[in-house]
Amino acid sequence: MRFDKPAGDSVLADTKVIGKPVHRVDGPLKTTGTAPYAYERHDVAANQLVGWPVGAAIAKGKLKSVGTKKAEAAPGVVAVLTTLQFDRLPLSQWNTANLFGGDQIEHYHQAVALVVAETLETARAGAAMLEFDYAPDTEASFDLSKTAPTGDEQPLSDVGNFEKAYADAPVTIDVNYTTPAESHAMMEPHASIAAWDGDEVTLWTSNQMIQWDKMALATTLKTTPDKVRIDSPYIGGGFGSKLFLRADAVLAALGAKRTGKPVKVQLPRPMIFNNTTHRGLTEQHLKIGATQDGKIVAISHENKSNALPGGSSEKAPAPTQHFYATDNLYCINRTAEMHLPESNAMRAPGEASGLMALEAAMDELAEKLDMDPVELRIMNDAKVDPSNPNKTFSRRHFVECLRTGADRFGWSKRNRKPGDTREGAWLIGHGVAGAYRGAPAQASGAEVAIRPDGGVVVRTDMTDIGTGSYTILAQTAAEMLGVPVERVRVELGDSRYPVSSGSGGQFGAVSSTAGVYAACVALRKKIADELGKKHDDLTFADGAVHAGGSTTELKKLTRGGRELSAIDTMHFGDFRSEKYVVSTFGAHFIEARVHSLTGEVRLNRMLAVCDAGRILNPITARSQVIGAMTMGAGAALLEEMAVDHDRGFFVNHDLAGYEVPVHLDIPHQEVVFLDVLDPVSTPLKAKGVGELGICGVAAAIANAVNNATGIRVRDYPITLDKIVGKLPTI
Amino acid sequence: MRAFSLERASDPQQAAKSAASHENSKFIAGGTNLIDLMKLEIETPTHLVDVTQLGLDKIEETDEGGLRIGTLVSNTDLAADDRVRRDYPVLTRALVAGATGQLRNKATTGGNFLQRTRCPYFYDTNMPCNKRNPGSGCAAIGGYSRQLAVIGGSDHCIATHPSDMAVAMRVLDAELETVDPDGKTRSIAVDDLYRLPGDTPEKETNLKPGEVITAVTLPKPVGGKQIYYKVRDRSSYAFALVSVAAIVQPDGTGRVALGGVAPKPWRDEEAEKALPQGAGAVMDTLLADANPTDDNEFKVPLAKRTLAAVLQEAGN
Amino acid sequence: MSKEKMFEINRRDLMIVGAATAASTGLPATAYAEATPEAVVKPDDLASLDDTLKSTVSFTVNGEKHELSVDNRTTLLDALRERMQLTGTKKGCDHGQCGACTITVNGRRINSCLTLAALHDGDEIVTIEGLGQPDNLHPMQAAFIEHDGYQCGYCTPGQICSAKETLEEIKAGIPSNVTKDLSGPIEATDDEIRERMSGNICRCGAYSNILAAINDVKGQNA
């Protein structure tokens, strides 16, 4: 099925299941510990061996030799695989950092060996017996501030004449912000079990993008995709870290090939931070020019960010390209090639980092103009795409987000001047920030079938990384086929199923529901044909098909105990991006407190208002948003992978050193969905929301800290060491 | 983790003897730090002496009017003890500021004293570290040192001691009781338990081979307002950047010890005489010899301001 | 050293590229939803180890007695997950830094990753599997579903075990870092719950909903 023009008013106009608050269908499994995650699938293959991976001890250089004798002789050890035993394995288009093979070390904790043994204990002990001899490259650069960009970047946006408009503007700000490297830090480590059957390999793994993983593994193992099966029904979080094939899967496959037995590999937590991907560091330079009454006339957003040679960097100016109205816009992203680990997508790549700077800079502008920062944003709301004035926004309710939020939050009663509002030793501040995140959609396929018992089954290689895919796909099929949600079984994450969008970039929910919609339409047409009726004349309700006075129970449509099945893929036409900018919008409001003596920052309350099209399920969507707000709070106040500039690695590479928010860090959270339909986006008129939620949160917190104290911290995270020296002396 | 033999000790002296008779042995009780370090092969014992069954898990009143805390009393039980809450509240406060409910249920009193540093370079066996691998150098000096010591360190090591409990124990003048392999007992003040790194950062305590901590004694209660203020980035489940344990008497005199700034709980009985003059007066003496790095120089003013916050609270 | 010649591609394979959307998957109905790990102790692979390096331990898990021969290095977490195939208890960090492995031993919650199985002779262990099953949920499990107190589900068993014990610990008067008055009874305020739950990290950020779930159960118990 193709989605070539905006959905008509009648499409899914009056839904009974889609958009309703349905509890997660996988809840009973997840709350009882019976949902099977990759590393614990004892049932899928007998006689599994355990592989323990080892990461490189240097950031850049050459591995000269690996002494394996001790490990090979150790009790329980079955095989030792070292990177020197292999040529550098080829990489797919989705990977940058070397995964295994060869003697070149490109980043710290690059996988260099796997010890396969009978048990976890013997594998781990064996791994520690390996003896590595490295020749480090002492010339490599690990300090972003001292690394020049490649210099061949083109502007992302270059509209009007920024330099002139900025020079002529009566009010200007010119500020630099930095954001640190962040780690996804999902709770389930990367893990895979691999088993070979002849020349075919199956991977039970934890991956967001089944098709990419399958294609990438085929490339890396130098085989063809039809020889690879990926299965990933439950994924303990991803946030972008599991978008791509990683070393756990490659090593498990190689270990299983070598030993002739299934091998399972989980990346040890302290290895994840440097072995896998991270959100890159940014150095952002923002210049904004405005009139005295607050109308923006010029914006420039320049960024520099790290990447491995050939890799991509954090595109921080992305939101600025489309957010505020201005006739003069300049955005450019520059990449500094360095040998830190691979920078890559983390929840709202580009936007999350970019808005940490842009939305704080907007606050600085409001301060300079002595304007209400809510009003400044409303005044500068874009009606057309600032980067391409020929394009409009499919739907844009940013102003309504701001107004609704201001009202709900009690913005009019906010603290006005730093130090004015106190609770004991704590200074209270309020902050606001806008949220912007693109809302892409990707082709997505599914199989939908009526089962002999009249139930419905949905099969697609779509994944549920905590996003609620199981539930919203069940809702979609239930709606389309007139059965209760409980009668729909959803099977995900298996590469034998139709290729879906996968989970990433905030496109998963909207794309995969559209794919299930397409398959349901195909199935309905098939049923119409079987019944000799016209598709448009059929009504699906109460587990039956109704047409012209006759009723047929769904189970009567199946024959011989076989399912009645249809497969289709939703393809999204170019009209979506050619005529429109399809995006989501939001506003965050924060009350924070800052200790007047110690500089500790804590949050009192958080509010988000979201404009993200139809909300497919307010329960799971709200969870996505509160979770993203929590991650945004971490970005604002805690999270930083500290770079050792001499040794070239992230130093605090465990969950004690890399602090993500804990329960006590997170106060009362409120989420408001405008729930306005966007017919340009998908037939379900929905847009993603899981990444919107993190966009702008950190800036709103920064603005609240500034409002409380008068201290503007431009280097995230806003830790007390950057505040304590600027507080009034005692 | 290296393979090890495991032996269950039946009495303290026998535990000490076993430990002393094996070249590479460790006691194990709660295990919450030791097992963590063994997995990373930072600790590599080949013999573990299980002391969990020694029965040293009681809190008793002493003839001197204080408390004698068995070494195996869990952090939870110690924090929750009615006498501790009433008479030594700074100890309860420090205990509950540390770790998490799960960890405090397992961690023991003796083990808490013997925690090892959380320096990230100590934790990464690829990195030079004089504490873990004597003579290999210190990657933290000139590296990422935000959490590390501003005072008491050396050119060889700037690790901090991570315990909260030990800071409160120091301010309460607690003493440790030990037994050695010959059955000899002695008592050691908290300050004498720990060594500064100097040029042997691998030697962290003055315990002799096999010597086992059996109890901690607290002297008679001293009253006063007892406060433990722990400053950290995350509001819970994080080690201190700076912590202050203080006992402030109605006349303004009192005691102060710092955590998070040094290789051991940092207290100076001379410096705290200035307490009636305020936080600045105390810290100017207590941290006079501070030698921070660029990363952690904020800890010096932070310590002063945290004590000011404590005094403010004590005054309320 | 000779390079390993693996995965040589032949021409025939190159031409067979799956087109997953071309035809019905035609697969037998898979049983993920029904898959429940059986509590079967896997035969150990300890033959290669010296006798001094292993121990025999017997303890009760969810009311059932088990006797195991374990490598001394085996943590209680790995004994549960790898040997007994009780995989409800999760490994998030293996270093006591996340709380996903929370279980109760003799009525107290602990991180099962930081204790050795061999040290638990005679102990009574309760894991998430012992609280309730999909068709027979513990009230805390039901409350987590009702309030959507989870997303990816990986930290969830640990959260639920901790949540149950959090209410018990408050009832027992065990103080926390946010307890204002150490002398009186402790009220189960939002902050008391948050602080006590802070040893269980949820990167999906379901904290607000977890708090709502715990408050719900607290209300039921009142």
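Residues numbered from 1 in each chain as written. Chains lettered and ligands numbered in written order. Predicted model: local features only at pLDDT ≥ 70, side-chain atom pairs only at ≥ 80, totals over all residues. Heavy atoms only, no water.

Considerations on the overall build of chain A
Move 1: Counting its secondary structure elements, chain A contains 15 helices and 32 strands.
Move 2: Taken over the C-alpha trace, chain A has a radius of gyration of 27 Å; the compact-globule value for 730 residues is 27 Å, and the two agree within 12%.
Move 3: Out of the 730 residues belonging to chain A, those deemed buried represent 72%.
Move 4: Taking contacts inside chain A between residues at least 6 apart in sequence as the whole, the part at least 24 apart equals 80%.
Move 5: If you sum the accessible surface of chain A, you get close to 21,700 Å²; carbon and sulfur atoms cover 47% of it. (Helix = DSSP H or I, 4+ residues; strand = E, 2+ residues; numbered from the N terminus. Rg over C-alpha atoms; globule rule 2.2 N^0.38 Å. Buried < 20%, exposed > 50% of the residue type's maximum accessible area, 1.4 Å probe, protein only. Contact = heavy atoms within 4.5 Å. Areas by Shrake-Rupley, 256 points an atom, 1.4 Å probe, with all protein chains shown as cover.)

Observations regarding the overall build of chain B
Move 1: When helices and strands are counted, chain B shows 11 helices and 11 strands.
Move 2: Over its C-alpha atoms chain B spans a radius of gyration of 19 Å, differing by no more than 12% from the 20 Å that the globule rule assigns to 316 residues.
Move 3: Over its C-alpha atoms, taken along the principal directions, chain B stretches across nearly 55 × 50 × 30 Å.
Move 4: By the burial criterion, 63% of the 316 residues in chain B qualify as buried.
Move 5: When the accessible surface of chain B is totalled, it reaches about 11,100 Å², and 44% of it is carbon and sulfur.
Move 6: Taking the 36 positively charged and 42 negatively charged side chains of chain B as two groups, their mean positions are separated by 3 Å. (Lys, Arg positive; Asp, Glu negative; His and termini not counted. Charge placed at Lys NZ, Arg CZ, Asp CG, Glu CD.)

So, the UniProt feature "domain: FAD-binding PCMH-type" (unreviewed entry) in chain B
Move 1: Here, UniProt's "domain: FAD-binding PCMH-type" (unreviewed entry) annotation points to residues 1-223 of chain B.
Move 2: Regarding residues 1-223 of chain B, the helix share stands at 26% and the strand share at 16%, and the terminal C-alpha atoms are separated by 46 Å. (UniProt positions renumbered as here; feature names shortened; annotations may be inferred.)

So, the packing of helix α10 (residues 279-286) of chain B against helix α11 (residues 299-315) of chain B
A packed helix pair is summarised by two numbers, namely the angle formed by the two axes and the spacing between the axes.
Residue and element names in this part refer to chain B.
Move 1: Close contact between α10 and α11 brings their axes to 9 Å; oriented N to C, the two are set at 140°. Considering only the axes of α10 and α11, their crossing is right-handed. Contacts between α10 and α11 involve A279, G280, V282, M283 and D284 on the former and, on the latter, A303, K304, L307, A308 and L311.
Move 2: Along the lines of polarity and charge, the residues of the contact of α10 with α11 split into seven nonpolar, one polar and two charged. (Axes fitted to C-alpha atoms, helices over the stretch in contact; angles between N-to-C directions. Left-handed = near helix turned anticlockwise from the far one by under 90°. Nonpolar A, V, L, I, M, F, W, Y, C, P; charged D, E, K, R; others polar.)

A closer look at the interface of chain C and chain B
For an interface, size is often stated in terms of accessible area lost upon the parts coming together.
Move 1: Residue-level contacts link 42 residues of chain C with 39 residues of chain B.
Move 2: Taken together, both faces of the contact between chain C and chain B bury some 3,300 Å²; the carbon and sulfur share is 54%.
Move 3: On inspection of chain C and its partner chain B, the count reaches two salt bridges.
Move 4: A salt bridge links K39(B) to D94(C); the shortest N-O distance between them is 2.7 Å.
Move 5: Between chain C and chain B we count 19 residue pairs in polar contact (both at pLDDT 80 or more) in total. (Buried area = accessible area lost by both parts, 1.4 Å probe. Salt bridge = Lys/Arg side-chain N within 4 Å of Asp/Glu carboxyl O. Polar contact = N/O pair within 3.5 Å; in protein donor to acceptor, adjacent residues only side chain to side chain.)

Quick look at the UniProt feature "domain: Aldehyde oxidase/xanthine dehydrogenase a/b hammerhead" (unreviewed entry) in chain A
Move 1: This chain's UniProt record puts "domain: Aldehyde oxidase/xanthine dehydrogenase a/b hammerhead" (unreviewed entry) on residues 32-138 of chain A.
Move 2: Secondary structure content for residues 32-138 of chain A is 14% helix and 33% strand, and the end C-alpha separation is 51 Å.

Some remarks on the environment of V212(B)
Residues and elements named next belong to chain B.
Move 1: Tracing the backbone shows V212 in strand β8 (residues 212-218).
Move 2: The class of V212 is buried, set by a relative accessible area of 7%.
Move 3: Sequence spacing of V212 and A139 is 73 residues, and the spatial spacing of their C-alpha atoms is 32 Å.
Move 4: For V212, the residues in contact, after removing those within four places along its chain, are P12, A16, F27, E177, T178 and V179.

What to know about the interface of chain C and chain A
Move 1: The interface of chain C with chain A comprises 84 residues on the first partner and 99 residues on the second.
Move 2: Summed over both sides, the interface between chain C and chain A buries roughly 7,600 Å², with carbon and sulfur atoms accounting for 57% of that surface.
Move 3: Summed over the shared surface of chain C and chain A, the number is five salt bridges.
Move 4: Linking R81(C) and E40(A) is a salt bridge whose minimum nitrogen-to-oxygen distance equals 2.8 Å.
Move 5: Remark: the boundary between chain C and chain A carries 30 residue pairs in polar contact (both at pLDDT 80 or more).
Move 6: Those elements that place two or more of their residues in the side of chain C that touches chain A are α1 (11-15), α2 (76-83), α3 (128-131), α4 (139-146), α5 (156-171), α6 (190-196) and α7 (207-221) of chain C.
Move 7: The residue makeup of the side of chain C that touches chain A, split by class, is 35 nonpolar, 28 polar and 21 charged.

With respect to the packing of aromatic side chains
Move 1: In the structure shown here, the tally under the stated rule is 25 aromatic pairs over all chains.
Move 2: A connected cluster of aromatic rings, assembled from ring pairs, spans F323(A), Y324(A), F393(A), F398(A), Y436(A) and F585(A).
Move 3: The ring centre of Y150(C) lies 5.4 Å from the NZ or CZ of R24(A), which sits over that ring.
Move 4: In this structure, K257(A) is placed above the aromatic ring of W196(A), and the distance from its NZ or CZ to the ring centre is 4.2 Å. (Phe/Tyr/Trp six-rings, centres within 6.5 Å; stacked < 30°, edge-to-face > 60°. Lys NZ or Arg CZ within 6 Å of the ring centre and 35° of its normal.)

So, unusual backbone geometry
Move 1: A cis geometry characterises the amide bond from Y716(A) onward to P717(A), with omega recorded as -5°.
Move 2: For P717(A), the position within the fold is in the segment after α15 (697-709).
Move 3: The phi dihedral of N47(A) is positive, around 60°, even though this residue is not glycine.
Move 4: By secondary structure assignment, the location of N47(A) is in the loop between α1 (27-32) and β2 (49-55).
Move 5: Residue N47(A) is classed as exposed on the basis of its relative accessible area, which comes to 59%.
Move 6: Positive phi is not limited to glycine here, since D94(C) has a value of about 70°.
Move 7: Structurally, D94(C) is set in the loop between α2 and β3 (102-105).

Concerning the sheet that holds strand β2 (residues 25-28) of chain B
Residues and elements named next belong to chain B.
Move 1: Read from one edge to the other, the open sheet built from three strands follows the order β1-β3-β2, with strand pairing classed as parallel. Pairing within the sheet leaves two strands with one partner each, and these edge strands are β1 (5-8) and β2. Direction aside, the axes of adjacent strands within the sheet are offset by 25° on average.
Move 2: Taken together, the four bridges between β1 and strand β3 (residues 47-50) define a ladder with parallel strand orientation. In the strand pairing of β3, L6 is matched with L48. (Pairing = 2+ DSSP bridges.)

Concerning the side chain of K30(A)
Move 1: Here K30(A) lies in helix α1.
Move 2: Note on K30(A): relative accessible area 2%, which makes it buried.

A word on the sheet that holds strand β6 (residues 175-179) of chain B
Residues and elements named next belong to chain B.
Move 1: If you walk across this open sheet you meet the five strands as β4-β5-β8-β6-β7, and the pairing is antiparallel. This sheet does not close on itself; its edge strands, each paired only once, are β4 (59-61) and β7 (185-189). On average, adjacent strands in this sheet sit at an angle of 25° to one another, irrespective of strand direction.
Move 2: Relative to β8, β6 is paired through five bridges, and the arrangement is antiparallel. The residue bridging V179 from the neighbouring strand is V212, located in β8.

Section: the domain arrangement of chain B
Move 1: Under the domain assignment used here, chain B contains domain 1 (5-53) and domain 2 (225-315).
Move 2: Computed over C-alpha atoms, the centres of domain 1 of chain B and domain 2 of chain B are 35 Å apart. (Domains from an automatic or database assignment.)

So, α11(B)
Move 1: Between its first and last C-alpha atoms α11(B) spans 24 Å; for 17 residues at 1.5 Å apiece the expected length is 24 Å, and the two agree.
Move 2: Along α11(B), the positions that sit buried rather than exposed are K299(B), L302(B), A303(B), R305(B), T306(B), L307(B), A308(B), A309(B), V310(B) and A314(B).
Move 3: Contacts from the buried residues of α11(B) go to β28 (583-595) of chain A together with β9 (225-231), β10 (242-248), β11 (254-259) and α10 of chain B. (Expected span 1.5 Å × (residues − 1).)

Examining the pattern of salt bridges
Move 1: All chains considered together, the criterion is met by 84 salt bridges over all chains.
Move 2: Between D137(A) and K60(A) there is a salt bridge, with the nearest N and O atoms lying 3.4 Å from each other. Residue D137(A) is found in the loop between β7 (131-136) and β8 (157-159), and its partner K60(A) is found in the loop between β2 and β3 (61-67); the two are separated by 77 residues along the sequence.
Move 3: Looking at D137(A), the relative accessible area reads 29%, which means it is partly exposed.
Move 4: Here D36(B) and R118(B) are joined by a salt bridge, their closest N and O atoms 3.5 Å apart.

Looking at the environment of R622(A)
Move 1: Positionally, R622(A) belongs in helix α14 (residues 618-637).
Move 2: Along the sequence, R622(A) and V672(A) sit 50 residues apart, while their C-alpha atoms lie 8.4 Å from each other.
Move 3: In contact with R622(A), not counting residues within four places along its chain, are Q669(A), V671(A), F673(A) and N209(C).

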